[in-house]
Amino acid sequence: TPILVWLRRDLRLADHPALYAAAQSGRPLIPVFIHDESVEALGAAPRFRLGLALAALGDELAARGSRLILARGAADEVLARLIAETGAGAVFWTRCHDPEAIRRDTGVKADLVARGIEAKSFPGQLLFAPWDVATGQGGPYRVFTPFWRAVRGRDVGEALPAPARLVAPDRWPVSARLESWRMAAGMRRGAQIVAGHARPGEAAAQARLEAFLAERLADYAARRDFPAEDATSGMSEHLAWGEIGPRQLWQAGQRAREEGVAGAETFLREVAWREFAYHLIYHFPELPRQNWRAEWDGFPWATDPDAPEVVAWKRGLTGVPFVDAAMREMYVTGRMHNRARMIVASYLTKHLMTHWRIGLDWFAEHLTDWDPAANAMGWQWVAGSGPDAAPYFRVFNPETQAAKFDPDGAYRDRWIAEGRARPSRTALSYFEAVPRSWGLSRAVPYPEPVVGLAEGRARALAAYEAQKAG
Ligand code: FAD
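Keep in mind the model is a prediction, meaning the values are calculated, not measured.

(A) Geometry of the domain arrangement of the chain. For the chain, the assigned domains are domain 1 (1–124), domain 2 (126–157 + 190–283) and domain 3 (294–469). One C-alpha centre belongs to domain 2, the other to domain 3, and the line joining them spans 24 Å. Between domain 2 and domain 3, the contact holds 20 residues from the first and 26 residues from the second. Contributions of two or more residues to the side of domain 2 that touches domain 3 are made by α7 (191–195), α10 (236–240) and α12 (264–283). Considering every element that reaches the side of domain 2 that touches domain 3, the biggest residue donor is α12, with 5 residues.

In structure tokens, the structure reads:
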């Protein structure tokens, strides 16, 4: 009988233990993606990027005589329907580790087992299952450095090849058409512009990784903080949908470290941050919504997502060029450099004293690499409310940061058109990408700062001192 391979955040063929095991069995195999409520809950950009990933995977499967079956509805109901239609006797999938997916999968598994269907879950999303890394006391880690020490030298085994053969069933079940899902519907005006910056698919992920290892890894530690440079791996948009597995990154990084390549250790450490984010969200499922440190519950964050200074932040109109450049980069490309993410998050939560959840939600709407764990950890880390967080009193000064990490202004020039005699094409593309209703044009002068940097900093620190004094 056929095996349904239920795909979620693992849209690849190589190093895919669930798909590999299904293929090894020699039984007919039916790859399925279900548009369930987890897809409905996605922000516009991640949903759009998912559509690109599904199209690419569909092509890869078709090239191997297989297919990607698309179906819409609650996962348990869709699987039951497909089992009835195909006579499948088993469902295989890659485990997800965010709280909502775990809840869903636990229910689905119980339901399948009750019907006498084999339900088997596999690793592949993470290097280390959250329950396989524990402190000396047997509990979860709350601080990154000891977590890193615990995993740093671990061997994660050889990455699996793509299955040599995918046996097709005698008859394929009915599939929805991807176009009918209108995955770009939330993108307002900018879908085609964002698409121009995406590199969807497993082949693109592999090529990008190889280029990174050959050309950029050696300088990674030295150059990764300069947002105008293409010095990082760019793997996040691929990891988010599983177009590549983390094991390939880990193995390549470990090999390079053994060969003495500078940068390899730093790269492995960053990959471990992703693991740590999942470790945290697994053990503390409220991470995306609640302050990790309860003492922050009383902090006087502003909570109006439509306050004028918050709208200015969202639209890249704060009058602070480094912040605005970063917000525009995200709007146009679906990505933002890590250094810039820290700066805009600090600016929102400190200079504008606005709740990190407002920033988290805006990122979730606009990042093509949106990841529930990394985004939540990142925001709580910068805000100071999270585990192992930067202390609140460490307020990034965007001007000093710009002087250090964008010394010649290349990043700001790339994204800010106003006041430039000959603005760059990318800076102009922002005005193409934003919705007309924002009423923006490069002819409108660049805004004055919505808050003075010294004033914003002083206000935040005063609130922080008052909170501490309790
Ligand atoms: P590289 O520097 O090449 O790093 C390699 C890989 O390591 C990345 O692809 C990523 O998987 C992992 N990694 C690196 N830094 C981090 C980190 N700080 N936390 C977790 N994993 C990390 N990353 C996301 O993937 N999705 C998000 O939604 C997201 N939101 C963030 C929000 C904030 C406020 C902050 C400060 C950071 C956020 N990050 C997020 C982490 C980080 O900014 C991106 O992973 C990184 O910029 C991606 O670029 P890269 O793939 O070239 O990274």
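(B) How the structure looks around the sheet that holds strand β5 (residues 118–122). In space, the 5 strands of this open sheet follow the order β3-β2-β1-β4-β5, with parallel pairing throughout. Two strands in the sheet have a free side with no partner beyond their single neighbour: β3 (69–72) and β5. Strand-to-strand twist across the sheet, computed as the mean angle between neighbouring axes with direction ignored, equals 30°.

(C) Layout of unusual backbone geometry. A positive phi is found at Asp-15, a non-glycine position, where the angle reads about 45°. By the secondary structure assignment, Asp-15 is in the loop between β1 (3–7) and α1 (17–24). The class for Asp-15 is buried, based on 23 C-beta atoms found within 10 Å. The phi dihedral of Arg-182 falls on the positive side, at around 45°, and the residue is not glycine. Within the fold, Arg-182 resides in the loop between α6 (144–151) and α7.

(D) Structural detail: the site of the ligand. Inspection of the region around the ligand gives 27 residues, with Thr-232, Ser-233, Asn-338, Asn-375 and Gly-378 positioned closest. For the shell around the ligand, the secondary structure elements donating two or more residues are α10, α12, α15 (338–351) and α17 (372–383). Grouping the amino acids of the shell around the ligand by side-chain chemistry returns 14 nonpolar, 7 polar and 6 charged. Each of domain 2 (126–157 + 190–283) and domain 3 (294–469) contributes no fewer than three residues to the shell around the ligand.

(E) Examining the UniProt feature "domain: Photolyase/cryptochrome alpha/beta" (unreviewed entry) in the chain more closely. Using the residue numbers shown here, the UniProt feature "domain: Photolyase/cryptochrome alpha/beta" (unreviewed entry) corresponds to residues 1–127. Annotated as residues 1–127, this span is 47% helix and 20% strand, and its ends, taken at the C-alpha atoms, are 31 Å apart.

(F) Spotlight on helix α3 (residues 44–63). With 20 residues, α3 should cover 28 Å at 1.5 Å per step; its first-to-last C-alpha distance of 29 Å lies within 8% of that length. Counting buried positions along α3 yields 14 of 20 residues, so the element is predominantly enclosed.

About the cut-offs
Residues numbered from 1 in each chain as written. Predicted model: local features only at pLDDT ≥ 70, side-chain atom pairs only at ≥ 80, totals over all residues. Domains from an automatic or database assignment. Contact = placed C-beta atoms within 7 Å. Helix = DSSP H or I, 4+ residues; strand = E, 2+ residues; numbered from the N terminus. Pairing = 2+ DSSP bridges. Axes fitted to C-alpha atoms, helices over the stretch in contact; angles between N-to-C directions. Buried ≥ 20, exposed ≤ 12 C-beta atoms within 10 Å, placed from the backbone. Near = placed C-beta within 6 Å. Nonpolar A, V, L, I, M, F, W, Y, C, P; charged D, E, K, R; others polar. UniProt positions renumbered as here; feature names shortened; annotations may be inferred. Expected span 1.5 Å × (residues − 1).

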